[in-house]
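Inside the fold
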Amino acid sequence: MSEMLSGAEILCRALVDAGVEVIFGYPGGAIMPFYHALPDHPRLRHILVRHEQAAAHAADGYARASGRVGVCVATSGPGATNLVTGLAAAHMDNSPVVAITGQVSRPMIGRDAFQETDIIGITLPITKKNYLVQDVTELAEVVADAMAVAVEGRPGPVLIDVPKDVQNQKIEYGAPRARARGQSRPQTPGAGPGLEDGVRKAARLIAGAERPLLMVGHGVILAQAYAEVRALAEKTGIPVITTLLGISAFPDGHPLHLGMPGMHGEVHVNRAIQHADVIIGIGLRFDDRVTGNTASFAPQARIIHIDLDRAEIGKNVPVAVGIVGDARDITRRLLAAVEPRRCERWLEHIRGFVRTRAESYRGGLSPEAILASIYEASHGDCTIVTDVGQHQMWVAKLYPYQHPNSHITSGGLGAMGFAVPAAMGVHLARPSGTVWAISGDGGFQMNMAEMATMVQEGLPVKMAVFNNGYLGMVRQWQQFFHEKRYSCTPIWSPDYVKLAEAYGIPGYRVGDASELAETVGQANTQPGPALVEFMIEQEANVFPMIPPGGSLSEPIETAPAGATGD
Amino acid sequence: MPSAPPSAHTVAVLLDDALVTLNRAFGVLRTRNVPIEGLALHPSGTAGESRLTFVLRADAATADRVAQQFHKMMGVRSVMVLANEDSTTEATR
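Described below are features of the structure shown in this document. Predicted, not measured: the structure shown is a model, and the values here were computed from it. (Residues numbered from 1 in each chain as written. Chains lettered and ligands numbered in written order. Predicted model: local features only at pLDDT ≥ 70, side-chain atom pairs only at ≥ 80, totals over all residues. Heavy atoms only, no water.)

**Looking at the overall build of chain A**
Of regular secondary structure, chain A possesses 23 helices and 20 strands. In terms of overall dimensions, chain A is globule-like: its C-alpha atoms have a radius of gyration of 24 Å, near the 24 Å expected for 566 residues. Its C-alpha atoms put chain A at 70 × 65 × 40 Å along the principal axes. The burial tally for chain A puts 60% of its 566 residues in the buried class. For chain A, contacts bridging at least 24 residues in sequence account for 76% of all contacts bridging at least 6. Accessible surface, chain A: about 21100 Å² in total, of which carbon and sulfur atoms supply 52%. Of the side-chain charges in chain A, 47 are positive and 57 negative, and the distance between the mean point of each set is 5 Å. (Helix = DSSP H or I, 4+ residues; strand = E, 2+ residues; numbered from the N terminus. Rg over C-alpha atoms; globule rule 2.2 N^0.38 Å. Buried < 20%, exposed > 50% of the residue type's maximum accessible area, 1.4 Å probe, protein only. Contact = heavy atoms within 4.5 Å. Areas by Shrake-Rupley, 256 points an atom, 1.4 Å probe, with all protein chains shown as cover. Lys, Arg positive; Asp, Glu negative; His and termini not counted. Charge placed at Lys NZ, Arg CZ, Asp CG, Glu CD.)

**Observations regarding the side chain of A:R271**
Residue and element names in this part refer to chain A. Inspection of the secondary structure puts R271 in helix α12 (residues 267-275). Although buried, R271 forms no salt bridge, and the nearest oppositely charged side chain, E557, lies 5.1 Å from it. Residues contacting R271, with those up to four places away along its chain left out, are F353, R355, S553 and P555. (Salt bridge = Lys/Arg side-chain N within 4 Å of Asp/Glu carboxyl O.)

**Brief notes about the pattern of salt bridges**
Tallied over the full model, the rule gives 29 salt bridges over all chains. For A:R154, the salt bridge goes to A:D309, with nearest N and O atoms at 2.8 Å. Pair noted here: A:R154 is in the loop between α7 (139-151) and β7 (158-163) and A:D309 is in the loop between β13 (302-307) and β14 (321-324), with a separation of 155 residues, a long-range link. On the basis of relative accessible area, A:R154 is assigned to the partly exposed category, the value being 23%. The salt bridge partner of A:R289 is A:D288, with a shortest N-O separation of 3.2 Å. Taking the relative accessible area as the measure of exposure, A:R289 reaches 39% and is therefore partly exposed. Beyond isolated ion pairs, a larger network of salt bridges with shared partners links A:R154, A:D309, A:E312, A:K315 and B:K72.

**Remarks on the packing of aromatic side chains**
Residue and element names in this part refer to chain A. Tallied over the entire structure, the rule returns 13 aromatic pairs over all chains. Judged by centre distance (6.0 Å) and plane angle (85 degrees), the rings of F480 and F481 are edge-to-face. Judged by relative accessible area, F481 falls into the partly exposed class, the value being 32%. Aromatic ring contacts, followed pair by pair, group W477, F480, F481 and F543 into a single cluster. The ring of Y470 carries R475 above its face, with NZ or CZ at 5.6 Å from the centroid. (Phe/Tyr/Trp six-rings, centres within 6.5 Å; stacked < 30°, edge-to-face > 60°. Lys NZ or Arg CZ within 6 Å of the ring centre and 35° of its normal.)

**Brief notes about the pairing of strand β4 (residues 70-74) of chain A**
Two faces, one strand: in a regular strand the side chains alternate between the faces of the sheet. Residues and elements named next belong to chain A. Burial runs high along β4: five of the five residues are buried. Here β4 shows no split at all, with G70, C72 and A74 on one side and V71 and V73 on the other all buried. Where strand β2 (residues 22-25) meets β4, three bridges bridge the pair, whose relative direction is parallel. Across the sheet, F24 pairs through a bridge with C72, a residue of β4. Relative to strand β5 (residues 97-103), β4 runs parallel, the two sharing five bridges. Bridge pairing in β5 places A74 opposite T101. (Pairing = 2+ DSSP bridges.)

**Describing the environment of B:M80**
Within the secondary structure, B:M80 sits in strand β4 (residues 76-82). For the pair B:M80 and B:A67, spaced 13 residues apart in the sequence, the C-alpha separation amounts to 7.4 Å.

**A short note on the sheet that holds strand β6 (residues 129-132) of chain A**
All names here are of chain A. Taken together, the six strands give an open sheet; going across it, the order is β3-β2-β4-β5-β7-β6, and neighbouring strands pair in parallel fashion. The open sheet is flanked by β3 (45-48) and β6, the only strands paired with a single partner. Taking each pair of neighbouring strands and ignoring which way they run, the sheet shows an average axis angle of 20 degrees. Together, β2, β4 and β5 form the strand contacts of helix α3 (residues 52-66), whose direction differs from that of β4 by roughly 170 degrees. (Axes fitted to C-alpha atoms, helices over the stretch in contact; angles between N-to-C directions.)

**Let's talk about the interface of chain B and chain A**
With 19 residues of chain B at the contact, the number on the chain A side is 21 residues. Summing both sides of the interface, chain B and chain A together bury roughly 1700 Å²; the carbon and sulfur share of this comes to 53%. For the pair chain B and chain A, the interface holds two salt bridges. In this structure, the connection of chain B to chain A is made through seven residue pairs in polar contact (both at pLDDT 80 or more). Of the residues in the side of chain B that touches chain A, the class split is five nonpolar, six polar and eight charged. (Buried area = accessible area lost by both parts, 1.4 Å probe. Polar contact = N/O pair within 3.5 Å; in protein donor to acceptor, adjacent residues only side chain to side chain. Nonpolar A, V, L, I, M, F, W, Y, C, P; charged D, E, K, R; others polar.)

**Looking at a nonpolar patch on the surface**
Residues and elements named next belong to chain B. Nonpolar side chains collect at one region of the surface, where F26, I36, L39 and L41 lie side by side and expose about 310 Å² of accessible area between them. A per-element tally of the nonpolar patch places strand β2 (residues 36-43) first, with three residues. Along the chain, I36 falls in strand β2. (Patch = residues over 30% accessible without salt bridge, like charges linked within 9 Å, V, L, I, M, F, W, Y side chains within 5 Å.)

**So, the side chain of A:S439**
All names here are of chain A. Within the secondary structure, S439 is located in strand β17 (residues 434-440). Accessibility expressed as a relative area gives 0% for S439, which makes it buried. The contacts of S439, once residues within four sequence positions are left out, are D387, H391, A419, V420, F444, A464, V465 and F466.

**Structural notes on the packing of helix α11 (residues 226-236) of chain A against helix α14 (residues 327-337) of chain A**
All names here are of chain A. Two elements in contact, α11 and α14, have axes separated by 9 Å at closest approach and are oriented at 25 degrees. Judged by the angle between their axes, α11 and α14 are roughly parallel. Crossing angle aside, the handedness with which α11 passes α14 is left-handed. Here E228, V229, A231, L232 and K235 of α11 lie close against α14, whose contacting residues are R328, T331, R332, L334, L335 and A336. Classifying every residue of the contact of α11 with α14 gives six nonpolar, one polar and four charged. (Parallel < 35°, antiparallel > 145°, perpendicular 65-115°, else oblique. Left-handed = near helix turned anticlockwise from the far one by under 90°.)

So, in structure tokens, the structure goes:
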């Protein structure tokens, strides 16, 4: 049975029909009809953020934690442009986000109207698809199509721009068709002789390898191929490396787990890559932070690359065997094709590369000690959302992840300010679990206004701020590569304890390791949000480090001569 | 790994005849830094469909990677790579 509905009502109904339960947004002029209709759809819980960037990051966090589409809403002009960083982050990390933006009315488009921006043009390179809805009769189909496009194949963000007059237009509304008209879609790779041939070749390479490695990326988490990857590793005894976005795809304490590779990877991990004769890469894109200089990356290795996206095969590194498909499906096939084997001599060889470092920290407040206290307070059962910088690398290297998909970070874009809003999205996806947002003092100040969102919406996110008084990673680069000229990296912070209290949130400050267990434990058990500031060593560095564009074989393991702080 | 010497490749892309799709296609050329030497856009002869043809001078592997970037783009219906100088001339005339 059909009825007369406005475009805004259709938009709400289409979101409900698509199974959407949470929307992160901020109202404004061109999206007001949508907000007028929203209260009639109580199934759509709206989270009022304090900046649209946070809406996009929160939708991204929700999507990564739930595997479902995260939805954010903004008005035209500045509302829409504020979403851009969040959409770019979702695009780089393959997170299914649908952004809905208001647009000026159709007769005003192209006239430089108030709050008019060509958000379609702006977001073209950072979305899988975007739509300017010019006809209200297509609106419901567009929403259904956008929700499908965002999750299928290699996931990513989609934007729907809806002019205000389209939102107000009333039409007779019936059930939408499954797909928008005339829209063609890329083919999803399926099984075929090429695939079987690739699996056979890969199995042969693995059988003949003396020093094989598994490199596991975000694709394993997206495909939920944890059990298959673990079974493959255990059947063959091949050691496993997890990229930044692959962390938590494989248990951290597993005897075959080596750690993270690349710019801040441990020496033994990068040395293993440089000595490997076969690398099986599953669901990663061999980006420059992983490979360093590609000309000297894994010089002895023949690479088997498994990826859902055909365009990734051979994009950054030459491959011996490329297999296009879902990580879970292909790993399962590979598991059936390989013979059981062990790699004890190779593992022993890698263990010989392991370096131990003795670094001292003020008050014993080492990153290890802080992260151990969070692990213990949460009994190892929480989701960690990190920002970008030194703390991000410490968490990636040191936190003992046990549960799949329990580490969420902005990897590809490296967007500071990600952690706090993304953690709000993670909480809404996993309301019964604990979420810790870990930031530096720089990134935290980018989106700390979201504490108000947490209080208003009842989101019990636990926030850890690593305060070293610097934009730490940039300062480290200045120390190593720019003659220790600390240009514009010292950063003042407010009193975070008082700030938290001003928001009605319990705030704590830790300056000594002896306070960790009790304070972090207290914060962890707070029923609502809580903030803990850790006064860490000001000039601590993340070691080892491969210089940008350098070889994985040549790590920096100590601060350059003449530099202080290490 | 030594790469083959660059040669002319013609890439023909059939795609939805919608401004936003065409805009996205041109964006791929720009964001992927594709070394194009010629570009043409025509109706394909099928209603609602355009043919974007461009020439790039690159090795075969690069041409294939460019084709794959188009292949995965929403709104693209098919992608064809021709490594034939005659076809190149014909397509860009």
